Amino acid sequence: MKPPPLAVLPLFLVLCLVGPRRVRCGKPSVVRVGAIFTHDSVIGRSAKPAMEAAVADVNADPAILSGTELRLTMEDANCSVFMGSVETFKVIGEEVVAIIGPQSSAIARMITEIVDNLQVPLISYSATDPTLSAQQFPYFVRTAQSDSYQMAAMADLIDYYGWKDVIAVYIDDDFGRNGLYALSDELERKMMKISYKLPLPVQYDSRHIMDTLNNSKRFGPRVYVVHANLDPAFRIFTIAQELHMMGSDYVWLATDWVSATLDSLSPINKTSIEITKGVVALRPHTPYSVRKRAFIARWRDMQTNGLTRSGLNTYGLCAYDTVWAVAHAIDRYINENGNVTFTFRDALYDEKTKDMRLAKFKVFDGGSLLLRKLLLLNFTGLTGQIYFNPDRNVPSGGYDVINIDRRGIRLVGFWSNKTGLSVLPPENIEAGQSDYTREDQKLHNVTWPSGKTEIPRGWVVADSERPLRIGVPNRFSFTGFVMENHSSHKFQGYCIDVFNEARNFVPYDVPYRFEAYGDGHSNPSYDALVKMVADNEFDAAVGDIAIVTNRTKIVDFSQPFASSGLVIVAPIDNTTSSAWVFLQPFSAEMWVVTAASFVMIAIVIWILEHRVNNDFRGPPKRQLATMFLFSFSTLFKRNQEDTVSPLGRMVMVVWLFLLMVISSSYTASLSSILTVQQLSSPITGIDSLIANNWPIGYQVGSFAHSYLLESLYISPSRLIPLGSPEEYERALRLGPNHGGVAAIVDEQPYVELFLSKHTEFGIIGQSFTRGGWGFAFQRGSPLAVDMSTAILKLSESGKLQKINEKWFCKMGCPGERGQDSGPQQLHLISFWGLYLLCGVISAGALLVFLIRVIRLFVRLKKQQMATTTSLSESSNRRCSDTFYKFLDFVDQKEDAIEKSMSRNGNPQQQVPSSTCEDFP
């Protein structure tokens, strides 16, 4: 039976209101959205009227939320996490479907914990902490750019100007610390770093800023990156001016808090411009549009009408777009779901929560659906295209790079994560370009705090108030490298001279003072000295500091100014000279080929000159003597016999060139052999030293000891410590058989200084390790690079060599007395090309000579046959006679043959003859 309609209606109402514990059903006439922010703040004064204007525009637009009013409930967080939490519970109690805000990242982190449990989406337009992620806070969405983008822009800006080290000033809260971590990561990708971090308390005052900045003046970097809360008084820059830190050499970079503060000042007063003059800051980029221009004009009218006192900054535009984004999402939600309902959940409603009054808080049933609608949005707002990436952030629209000068805010360029720095807005750059290099970057000129457009160096090594502290080893031995003059308390020596000369090539002044390290009674520990540089007890160290692996891990070294490879020094003597030493420059095959060449040249020149040169004619004995004397005498003096024939002269030119090269090489090789023999020693190098069991000396404190033990595996019993040049001399004179050493292994500069005063010792072989001495600087010190460049210039100018000669060549440079690895004989392989050339030319000359003589003989024979009648003879006899006659023809002088041919060619003078025996 059907129940009466009047009985059904009350039952239905009861079920709607009580049964499922729902508080509303059907399409709502009003939808409430909460807004939590600090009203009396730079962002709040701009965001509040912007959101009110957005709500008015939404409710006036019939195309959205038709029939439903959007009502905004605003609460003041008063810059407090606690108050922000309290106000959150207050707006949630009013059954809001979404919350806009808060403006603070710290408050947002707390509120997200609340809204996640109540399934109310939280949309922030100014919480930029990069660690606020969708994975941790699923109901958190933001329409502002994450600071991860801003820090990437800041890193590109620092890299563009070539600075490597910066000082970061930040607020010591989640917002400041997490932003700084993002900046540090971006800088490390570009081989840069934050050298010093200067935290400020959340509630900082002028005293905190004064102390922090004043302490930073002793640091080297002069590039400051300020990541702070918005401050209309610009206290950081005001105090920086009082400390004279807004002048030359200083660079001040700021995140978007400066631009937001300046934009909110309406009009911008001259005091703020004067305080921030020279600062370069970032501002979130919003592309130009007709809607944006109209809203800016509308904002000016609001200011004129007294509706707002604040200027419009980027966060105000984001707040306006955020209201529209929420309205669009609610509109789609209502169109699909039709109602807005809230439900009590058992997790919140139990006996334990009654005293805490949590039972009145209800979960938004459509929270997850509204969140999905929100994340699917894609519309154009005042700040550009609004849509959300998988991280639930709006994609980066880029940043404006602004510079404050005396005229106001000046736009010097743009940054986007696809194109980097550019003078063109990101939307005007061709789409699809995603990779960029430093060479592609470009910005307009910037006016720096000094008032100049020249890019500051960005760091100072030291100043007159705090000069560079340079540690200098106060040695006991080998004081020629560095020593303290006790009367004047000044340092002098080879290393000091190199440093002072190199400093003249550094393009800026370097105030410094030397500080002695060590008591002067024993050599100090160089590892400890280097560690003091790394620990900031010294800014640098100058001296005979070897560049070794364990030291390079903690400090930066300059370019080596001296070779410090390990060498062997031992006694030298003159007892190995040989009576046959003159044969050693050439190998046996070289001597044989050279002797054969003299014989060959003697024969070739005799053949070419015999028919035309009287000096090569005469009795056989005389000709033989002339032939060989001519050849061998070319080695020592000018020949008495001159070559006459062109072929002979050509052969002589090649031969004399070969002779010049051979004799020069012989002289050089013989000189080397005699020098080496003069410096001969039973030790020829490190291999022979290792093979013997003789004791080996080393300098106390030198890395030679560990190298001999760990790398060459020499027994510790063979190693004798020596502490001074006097001990070196005594040990070498005693020798291995009388309590001394066979040789000493030490760094080359020490050995050279020792040898400059002891000529009876010498370096044996070559350096068997590679190393150098350099100046030590703190990690990342720009002076290390500039000093390296200065040392290279010093070397190229020749001054480094002059300093070396000044200290080490007082008795002749010791390096010139060192023994090489042994003289090398000259082998045929080094000269076979010359010999081949000489042989080819000689053979060619002989061939030409032979062809010419045969041709002349045949011509003469034909003339004789034409004028005589020959008797019949056997062919063998005829050939034999022709051969002998040819030899006689070759032996004849060429002038006589030409006269004979002239007579045979004239009929009146022809003489009958039946043979060829009438030759003159």
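Placed above this text is the structure.
Not measured: the values here are computed from a predicted model.

Asks: What is the right way to read the packing of aromatic side chains from this model?
Replies: Describing an aromatic ring pair means giving the distance of the ring centres and the angle of the ring planes. What the rule picks out here adds up to 33 aromatic pairs. Ring geometry for Phe295 and Tyr320: centres 4.7 Å apart, planes at 50 degrees, overall tilted. One end of the pair, Phe295, is in helix H11 (residues 290-304); the other, Tyr320, is in helix H12 (residues 314-337), with 25 residues separating them in the sequence. A cation sits over an aromatic face here: Arg457 above Trp459, 5.0 Å from the ring centre. The side chain of Arg457 reaches across the aromatic face of Tyr508, ending 4.4 Å from its centre.

Asks: Just checking my understanding: could you explain the packing of helix H2 (residues 42-60) against H11 for this structure?
Replies: Each pair of packed helices can be summarised by the angle the axes make with each other and by the distance between the axes. For the pair H2 and H11, interaxial distance at closest approach is 12 Å and the crossing angle is 115 degrees. Relative to H11, the element H2 is oriented roughly perpendicular. When you trace H2 past H11, the crossing you get is right-handed. Contacts between H2 and H11 involve Ser46, Pro49, Ala50, Ala53 and Asp57 from the former and Phe295, Arg298, Trp299 and Met302 from the latter. Considered class by class, the residues forming the contact of H2 with H11 number six nonpolar, one polar and two charged.

Asks: Teacher, can you tell me more about the nonpolar core here?
Replies: Within soluble globular proteins, side chains that are nonpolar generally end up buried alongside one another. In terms of nonpolar packing, the biggest core is built from 76 residues, with Met51, Val97 and Ile330 touching the most fellow members. At 14 residues, H12 tops the list of elements feeding residues into this core. Sequence-distant contacts of Met51, that is, excluding residues within four places in its chain, are made with Ala35, Phe37, Leu72, Met74, Ile100, Tyr125, Ala319 and Val323. Counting residues in each nonpolar core, the second largest holds 64 residues, with Val461, Cys495, Val510 and Phe761 among its members.

Asks: Please clarify how the sheet that holds strand E7 (residues 193-200) should be interpreted in this entry.
Replies: Whether parallel or antiparallel, the strands of a sheet pair through hydrogen bonds between backbone atoms. Strand order across the open sheet formed by eight strands is E7-E6-E8-E9-E10-E15-E16-E17, with mixed pairing between neighbours. Sheet topology places E7 and strand E17 (420-422) at the edges, where each strand pairs with a single neighbour. Pairwise comparison of adjacent strand axes, ignoring direction, gives a mean angle of 25 degrees for this sheet. With two bridges connecting them, strand E9 (residues 251-254) and strand E10 (residues 280-284) associate as parallel partners.

Asks: Can you help me understand helix H23 (residues 748-755) in this one?
Replies: The buried fraction of H23 amounts to eight of the eight residues, a majority that puts the element mostly inside the structure. Of all the positions in H23, only Gln748, Pro749, Tyr750, Val751, Glu752, Leu753, Phe754 and Leu755 are classed as buried.

Asks: What exactly am I supposed to notice about the sheet that holds strand E31 (residues 776-777) here?
Replies: With mixed pairing, five strands are arranged side by side in an open sheet as E21-E18-E22-E31-E23. The sheet terminates laterally at strand E21 (512-517) and strand E23 (556-557), the two strands that pair on one side only. As judged from the two bridges shared by strand E22 (residues 540-541) and E31, these two strands associate in the antiparallel manner. If you follow Ala540 over to E31, its bridge partner there is Phe777. Sheet strands in contact with helix H14 (residues 494-503) are strand E18 (468-473) and E21, and its direction is about 165 degrees off that of E21.

Calculation criteria
Residues numbered from 1 in each chain as written. Predicted model: local features only at pLDDT ≥ 70, side-chain atom pairs only at ≥ 80, totals over all residues. Heavy atoms only, no water. Phe/Tyr/Trp six-rings, centres within 6.5 Å; stacked < 30°, edge-to-face > 60°. Helix = DSSP H or I, 4+ residues; strand = E, 2+ residues; numbered from the N terminus. Lys NZ or Arg CZ within 6 Å of the ring centre and 35° of its normal. Axes fitted to C-alpha atoms, helices over the stretch in contact; angles between N-to-C directions. Parallel < 35°, antiparallel > 145°, perpendicular 65-115°, else oblique. Left-handed = near helix turned anticlockwise from the far one by under 90°. Contact = heavy atoms within 4.5 Å. Nonpolar A, V, L, I, M, F, W, Y, C, P; charged D, E, K, R; others polar. Core = buried A, V, L, I, M, F, W, Y, C linked by side-chain atoms within 4.5 Å. Buried < 20%, exposed > 50% of the residue type's maximum accessible area, 1.4 Å probe, protein only. Pairing = 2+ DSSP bridges.

Keep in mind these values describe shape, not function.
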